[in-house]
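Okay, here's what each chain looks like letter by letter:
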Amino acid sequence: MTDTFKALERAAGDSRFPLAGILDAIHFNADGLIPAIAQQHDSGEVLMMAWMNREALEETLRTGRVCYWSRSRGKLWRKGESSGQQQHLKGAALDCDGDTLLLQVDQTGPACHSGRRSCFYVALEGDEARIASEPLIDPDTLYGKG
């Protein structure tokens, strides 16, 4: 944990700090990434987890449209650029160690590439895995395949 986040532990509620210093103190991993959990702002539903680098985080904070780092493509990924299913930022918070982001978003349609609202649809129950939800949109329709 950085000294910055250690100092924040004792900060009074509603204290304010310059954003640049907080961004400098974020604990990005060896690849320059931080996990970002997207949660629907009004329902609390956890939609997905993806990765952000500093550039993606800064763009998200600046524009209000959520941008991630795509590890498979090796480039910035503005959520919904292929599917049209965008995320608009309603709030962002770092955890106490500065190594995980929680994004409060307004999700348009499904968040998951499978066409489901949430990426967390495989429920692990006892000795079984159960598919807990149906796709809202067929993935081939969502991404224009077929």
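Residues numbered from 1 in each chain as written. Predicted model: local features only at pLDDT ≥ 70, side-chain atom pairs only at ≥ 80, totals over all residues. Heavy atoms only, no water.

Student: Got a sec to walk through the side chain of Ser 70? Specific residues and values, please.
Tutor: Mapped onto the elements of the fold, Ser 70 is located in strand β3 (residues 67-70). Residue Ser 70 is classed as buried on the basis of its relative accessible area, which comes to 6%. Reaching out from Ser 70, the side chain makes a polar contact with the side chain of Ser 72 at a distance of 3.3 Å. A distance of 3.1 Å separates a polar side-chain atom of Ser 70 from the backbone nitrogen of Arg 73. (Helix = DSSP H or I, 4+ residues; strand = E, 2+ residues; numbered from the N terminus. Buried < 20%, exposed > 50% of the residue type's maximum accessible area, 1.4 Å probe, protein only. Polar contact = N/O pair within 3.5 Å; in protein donor to acceptor, adjacent residues only side chain to side chain.)

Student: Describe the packing of aromatic side chains, with residues and values.
Tutor: Here a ring pair, both rings aromatic, is described through the centre-centre distance and the interplanar angle of the planes. The full count for this structure, using the stated rule, is one aromatic pair. Relative to Trp 77, the ring of Tyr 68 lies with its centre 5.2 Å away and its plane at 40 degrees, an arrangement referred to as tilted. The same class applies to Tyr 68 and to Trp 77, which are both buried. Sitting over the ring of Tyr 121, Arg 116 keeps its end group 3.9 Å from the ring centre. (Phe/Tyr/Trp six-rings, centres within 6.5 Å; stacked < 30°, edge-to-face > 60°. Lys NZ or Arg CZ within 6 Å of the ring centre and 35° of its normal.)

Student: How would you summarise helix α3 (residues 54-63) if you had to cite specific residues and measurements?
Tutor: Among the residues making up α3, those that are buried are Ala 56, Leu 57, Glu 59 and Thr 60. For α3, the angular spread of buried residues about the axis comes to 165 degrees, placing them on one side. Looking at the buried side of α3, the elements it contacts are α2 (19-25), β2 (46-52), β3, β4 (75-78), β5 (87-94) and β6 (101-107). Between a side-chain oxygen at the N-terminus of α3 and the backbone nitrogen of Glu 55 the separation is 3.3 Å; the capping residue is Asn 53. (Arc of directions from axis to C-beta. Contact = heavy atoms within 4.5 Å.)

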